[in-house]
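# Commentary on secondary and tertiary structure
In case you want the letters, here they are:
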Amino acid sequence: QCETNENTQLAITTKGFSAVCSVRLILAIYLIDFVQSFSVMFNWNNALTRWAASLDFNQMGIILVALFVIAWVVAITIWHVFKLADKEQII
């Protein structure tokens, strides 16, 4: 029988949250790239395409890396504060 406690559940929830956030960020980047590409190909000109065209992928990349660094720091802090390394189980 596998024993679970709130620290183990926190670790599982944190891993799931991280995966969901990563997938959402990837989808957002592809959606913006899609809008930018198709606005040029089909000569679309509306508020959405102007907004997408004004985005700077270099700046977005720096922000994205900073967000991932912050997420890792928070995850490591949670890992140490709740001493999850001592309670790790194979589920």
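Placed above this text is the structure.
Here goes a summary of the coordinates provided.

Quick notes on the rules
Residues numbered from 1 in each chain as written. Predicted model: local features only at pLDDT ≥ 70, side-chain atom pairs only at ≥ 80, totals over all residues. Heavy atoms only, no water. Helix = DSSP H or I, 4+ residues; strand = E, 2+ residues; numbered from the N terminus. Buried < 20%, exposed > 50% of the residue type's maximum accessible area, 1.4 Å probe, protein only. Contact = heavy atoms within 4.5 Å. Areas by Shrake-Rupley, 256 points an atom, 1.4 Å probe, with all protein chains shown as cover. Phe/Tyr/Trp six-rings, centres within 6.5 Å; stacked < 30°, edge-to-face > 60°. Expected span 1.5 Å × (residues − 1). Polar contact = N/O pair within 3.5 Å; in protein donor to acceptor, adjacent residues only side chain to side chain. Patch = residues over 30% accessible without salt bridge, like charges linked within 9 Å, V, L, I, M, F, W, Y side chains within 5 Å. Salt bridge = Lys/Arg side-chain N within 4 Å of Asp/Glu carboxyl O.

All right, on to the overall build of the protein chain then. Check the secondary structure of the protein chain and you find four helices and zero strands. Element order for the protein chain, N to C, with α for helix and β for strand: α-α-α-α. Counting across all 91 residues of the protein chain, residues that qualify as buried make up 11%. The contacts in the protein chain between residues at least 6 apart in sequence include a share of 62% that link residues at least 24 apart. Of the accessible surface of the protein chain, which amounts to about 7500 Å², a share of 68% is contributed by carbon and sulfur atoms.

Right, let's get into the packing of aromatic side chains. Remark: the centre distance and the inter-plane angle together describe each pair of aromatic rings, the angle taken between the planes. In the structure shown here, the tally under the stated rule is four aromatic pairs. Ring centres of Phe34 and Phe38 lie 4.3 Å apart, and the angle between their planes is 40°; on these two criteria the pair is classed as tilted. Taken together, the residues Phe34 and Phe38, both in helix H1 (residues 6-41) and four residues apart, mark about one turn of the helix. Of the residues examined, Phe34 reaches a relative accessible area of 41% and is grouped as partly exposed. Clustering of aromatic rings is evident, with ring pairs tying together Phe34, Phe38, Phe42 and Trp44.

Here helix H3 (residues 57-81) is 25 residues long and its end C-alpha atoms lie 36 Å apart, about the 36 Å a rise of 1.5 Å per residue gives. Measuring from the backbone nitrogen of Asn58 back to the side-chain oxygen at the start of H3 gives 3.2 Å, which picks out Asp56 as the cap. Of the residues flanking the end of H3, it is Lys83, one or two places downstream, whose phi is positive at about 50°.

What follows is about a nonpolar patch on the surface. The grouping of Leu25, Phe68, Trp72 and Ile76 at the surface amounts to a nonpolar patch, some 390 Å² of accessible area in total. Of the residues forming the nonpolar patch, the biggest block, three residues, is contributed by H3. Along the chain, Trp72 turns up in helix H3.

This brings us to the side chain of Gln36. Counting through the fold element by element, Gln36 comes out in helix H1. Those residues in contact with Gln36, other than ones at most four positions away along the chain, are Ala52, Ala53, Leu55 and Phe57.

It is worth stressing that arrangement in space is one thing and function is another; only the former is reported here.
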